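Structure assessment
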Amino acid sequence: MKDQLVDKFLEKYNQQPTASYFAPGRVNLIGEHIDYNGGLVMPCAITAGTWLLLAPNDDNVIRFSSVNFEGDQIIPIEKSYTKNGNDWYNYPLGVFHELQQFDWLSGGLDLLYFGNIPIGSGLSSSASIEILTAYALNDYYNLGHDKLELVKLSKRVENIFIGLNSGIMDQFSVAFGEANKAIVLNCDSLKYKIVDCDLGDYVLAIINTNKARKLEESKYNERYEECQTALKTLQTAININNLCELTAEKFALHSHLITDETVLKRTTHVVKENDRVHLAAKALNAGQLEEFGRLMYASHQSLRELYEVSGKELDAVVDFCKDYEHVIGARMTGAGFGGCAIALLKKGQEEDFAKKLTDYYVDKIGYPAAIYVHQIGNGVGKI
Ligand code: ADP
Ligand code: MG
């Protein structure tokens, strides 16, 4: 991969790259839509990701180019930037904005990106390119930030520069992921554990519904607001800072305060999903993969019925998995409304699964899904 990109870099910028970096995508195994409610989540990094090659220039500009997108950009060096339409380079530009290049960027910089994560499919290509850029600049120019600062700064890019109220999970898993490990992360305290993720006789299949996203960003922010409404209502009676501080018992005692039926459904999902992550972590630790799979199905059902962020495409994939004998658990992963599902699939059944799921999905939805098997990989680094 890197060699091909070096050739492209040379062709585009007429010079050799002087450093290169990689950042993965991520899947969330369980704990969905609770990171922005201070909940427990269990993501892992995957071996698909984004590459960045760079070299300084003497032209006092930042040149952005991506193999994945048309439209190279030449940006003058300034102290701050604002988002420019919906162009792809806003994500790395936001990182430059956050790092405020007062004096560290003398001359300029040529950048070339390439990613093999399907973009806009819930595997967090956005966190990948943010963390990749932040890590690379921090390393190359010795800016002295630690990884957690880079995570927080990249989250601000997504929240403020781009305008999506997402939680910290994506940037965190892209930065801190490790091969064959999952991260159990408390999104409130940011305390985390790296745990073994031994899938035994199973592989993690990723199924991209190939559904074009339209509504996701506005719906995402709508769910965020619904949770904020629930929190404010409950805070009139109990002392909590976020919804995931609610135990099932505490919630049962106070749920009557939430009179809006929709808000009540959202809150029920949040509280129960947070519990499921605790159970899933225990199951994984004990090697009880079937229990883990059962919790994945329960998570999906809750996202479908209570949080209402699934859709007919994701449901078709999960429904197929339930009836397919070699899958023990499946669920949507990421924000939903399309994007990807994951499934725990028996090793050796990859081809049969892909064929049968493709037939089923095309029949139901009208176009094929894409099926990949990626390994659980390492977080961001220099290559
Ligand atoms: P995802 O679910 O993949 O995170 P988003 O809509 O949040 O989807 O982010 C996708 C955006 O991230 C792209 O539209 C683009 O702006 C940026 N991006 C991600 N990967 C790349 C890449 N390889 N090259 C250029 N831009 C990228
Ligand atoms: Mg994203």
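In this text, all values refer to a predicted model and were calculated from it rather than measured experimentally.

Turning to the nonpolar core, a few remarks are in order. The nonpolar side chains of a soluble globular protein tend to be buried, and buried together. Grouped together as the largest cluster of nonpolar side chains are 122 residues, with contacts concentrated most on Leu 29, Met 42, Phe 64, Phe 96 and Phe 353. Of the domains in this structure, domain 1 (2-195) and domain 2 (197-373) are the two that each give at least three residues to this core. Counting residues in hydrophobic clusters, the runner-up holds 10 residues, among them Leu 5, Phe 22, Trp 51 and Phe 114.

A separate point is helix 9 (residues 289-305). Between its terminal C-alpha atoms helix 9 stretches 24 Å, which fits the 24 Å expected from 17 residues at 1.5 Å a residue. When we look at burial in helix 9, the residues that qualify are Leu 289, Phe 292, Gly 293, Leu 295, Met 296, Tyr 297, Ser 299, His 300, Ser 302 and Leu 303.

Following the criterion strictly, the structure yields zero disulfides and no others. Between Cys 340, a cysteine without a disulfide, and Cys 321, which holds the nearest cysteine sulfur, the sulfur-to-sulfur distance is 13 Å. Relative accessible area serves as the criterion here: at 0%, Cys 340 is assigned to the buried category.

Taken in spatial order, the four strands make up an open sheet running 9-10-8-11, and their pairing is antiparallel. A single partner strand is all that each edge strand has here, and the edge strands are strand 9 (327-333) and strand 11 (370-373). Here the average twist between neighbouring strands, direction ignored, is 25°. Judged from the six bridges that link them, strand 9 and strand 10 (residues 340-346) form a sheet pairing that is antiparallel. Each bridged residue has a counterpart across the sheet, and for Met 332 the counterpart in strand 10 is Ala 341. The strands that helix 9 touches are strand 8 (202-208), strand 9 and strand 10; relative to strand 9, the one it contacts most, it runs at about 35°.

Right, let's get into the pattern of salt bridges. In total, this model carries 22 salt bridges according to the counting rule given. A salt bridge links Asp 59 to Arg 63; its shortest N-O distance comes to 2.8 Å. Here Lys 355 makes a salt bridge to Asp 359, at a shortest N to O gap of 3.6 Å. Remark: Asp 359 and Lys 355 occur in helix 11 (residues 350-365); sequence separation between them is four residues, near one turn of the helix.

What follows is about the UniProt feature "binding site: substrate" (unreviewed entry) in the chain. The sites that carry the UniProt feature "binding site: substrate" (unreviewed entry) are, in the present numbering, Glu 32, His 33, Ile 34, Asp 35 and Tyr 220. Spanning 189 residues, the named residues form one tight spatial group whose C-alpha atoms are at most 12.5 Å apart. Structurally, the position occupied by His 33 is in the loop between strand 1 (19-30) and strand 2 (40-57). When sequence neighbours within four positions are dropped, the list of residues in contact with His 33 reads Tyr 220, His 269, Val 270, Leu 303, Tyr 307, Val 309, Gly 334 and Ala 335. At 2.7 Å, the side chain of His 33 and the side chain of Tyr 36 are in polar contact.

Attention shifts here to the environment of Thr 236. With respect to the secondary-structure elements, Thr 236 resides in the loop between helix 6 (216-235) and helix 7 (248-254). Given a relative accessible area of 67%, Thr 236 falls into the exposed group. In sequence terms Thr 236 and Asp 146 are 90 residues apart; their C-alpha atoms lie 38 Å from each other.

Enumeration according to the criterion identifies 23 aromatic pairs in this entry. Judged by centre distance (6.5 Å) and plane angle (90°), the rings of Phe 64 and Trp 88 are edge-to-face. Here Phe 64, found in strand 3 (residues 61-66), pairs with Trp 88, found in the loop between strand 4 (69-76) and helix 2 (90-99); they are 24 residues apart in sequence, far enough to count as distant. Residues Phe 176 and Tyr 192 carry aromatic rings whose centres are separated by 5.3 Å and whose planes lie at 50° to one another, so their mutual orientation is tilted. With Phe 176 in helix 5 (residues 169-176) and Tyr 192 in strand 7 (residues 192-196), this pair connects stretches of sequence that are 16 residues apart. Owing to a relative accessible area of 38%, Tyr 192 belongs among the partly exposed residues under this scheme. Put simply, the rings of Phe 64, Phe 69, Trp 88, Tyr 89, Phe 96, Trp 104, Tyr 113, Tyr 140 and Tyr 141 touch in pairs and so form one group of aromatic residues. Between the NZ or CZ atom of Lys 147 and the centre of the ring of Phe 176, over which it lies, the distance is 5.2 Å.

Their axes nearest at 9 Å, the elements helix 3 (residues 125-140) and helix 4 (residues 147-162) cross at an angle of 130°. As summarised for this structure, helix 3 and helix 4 are arranged oblique, according to the angle between their axes. The element helix 3 and its partner helix 4 pack so that their crossing is right-handed. Contacts from Ser 126, Ala 127, Glu 130, Ile 131, Ala 134, Tyr 135 and Asn 138 of helix 3 reach helix 4 at Leu 150, Val 151, Leu 153, Ser 154, Val 157 and Glu 158.

Conventions we followed
- Residues numbered from 1 in each chain as written.
- Chains lettered and ligands numbered in written order.
- Predicted model: local features only at pLDDT ≥ 70, side-chain atom pairs only at ≥ 80, totals over all residues.
- Heavy atoms only, no water.
- Core = buried A, V, L, I, M, F, W, Y, C linked by side-chain atoms within 4.5 Å.
- Buried < 20%, exposed > 50% of the residue type's maximum accessible area, 1.4 Å probe, protein only.
- Domains from an automatic or database assignment.
- Helix = DSSP H or I, 4+ residues; strand = E, 2+ residues; numbered from the N terminus.
- Expected span 1.5 Å × (residues − 1).
- Disulfide = S-S within 2.5 Å.
- Pairing = 2+ DSSP bridges.
- Axes fitted to C-alpha atoms, helices over the stretch in contact; angles between N-to-C directions.
- Contact = heavy atoms within 4.5 Å.
- Salt bridge = Lys/Arg side-chain N within 4 Å of Asp/Glu carboxyl O.
- UniProt positions renumbered as here; feature names shortened; annotations may be inferred.
- Polar contact = N/O pair within 3.5 Å; in protein donor to acceptor, adjacent residues only side chain to side chain.
- Phe/Tyr/Trp six-rings, centres within 6.5 Å; stacked < 30°, edge-to-face > 60°.
- Lys NZ or Arg CZ within 6 Å of the ring centre and 35° of its normal.
- Parallel < 35°, antiparallel > 145°, perpendicular 65-115°, else oblique.
- Left-handed = near helix turned anticlockwise from the far one by under 90°.

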